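Single-letter residue listing:
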Amino acid sequence: MIMDLIEVSIRGYEVREKTVTKTGNSGHVMVPPSWIGKRVKIILLDPVEEE
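One structure accompanies this document, and this report is about it. The model shown is predicted, which means the values in this text are computed figures rather than measured ones.

## Brief notes about the layout of surface pockets
Any space left empty among the atoms is revealed by the rolling of a water-sized probe across them. Volume-wise, the largest pocket comes out at about 1,100 Å³. Residue lining of the largest pocket: 25 residues in total, with E14, V15, R16, K41 and I42 positioned closest to the centre. Tallied by class, the residues present in the lining of the largest pocket amount to 13 nonpolar, 3 polar and 9 charged. Size it by volume and the second largest pocket reaches roughly 340 Å³. Lining the second largest pocket, in full, are M3, D4, L5, I6, E7, V8, I43, L44, L45, D46 and P47. Broken down by class, the residue content of the lining of the second largest pocket amounts to 8 nonpolar, no polar and 3 charged.

Put into C-alpha cells, the structure is as follows:
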C-alpha cells in the first residue's frame, strides 16, 4: 500500500527532524528530556511501501 501525500500545517514551539529507530516490535524517536510530559505530533516524511 502506498500512502497519498498530504499537506499539513502545524503551529508549535520547536521542530526537530529525526530518524525512527527499531525498539522491540515498534519504532522509537528520541526527544530532549525537557519534552517529557509535553504533547508532540509525529509526521511521516517518507512514504511507506508495504511488500
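Having seen the model, we can carry on.
## Notes on the pattern of salt bridges
A full pass over the atoms with the stated rule returns 1 salt bridge. For R16, the salt bridge goes to E14, with nearest N and O atoms at 2.6 Å.

The rules behind each value
- Residues numbered from 1 in each chain as written.
- Predicted model: local features only at pLDDT ≥ 70, side-chain atom pairs only at ≥ 80, totals over all residues.
- Heavy atoms only, no water.
- 1 Å grid on protein atoms, 1.4 Å probe; cavity = no way out; pocket = protein on both sides within 12 Å on 5 of 7 lines; lining within 4 Å.
- Points joined across faces, edges and corners; volume = space filled by probe spheres on them.
- Nonpolar A, V, L, I, M, F, W, Y, C, P; charged D, E, K, R; others polar.
- Salt bridge = Lys/Arg side-chain N within 4 Å of Asp/Glu carboxyl O.

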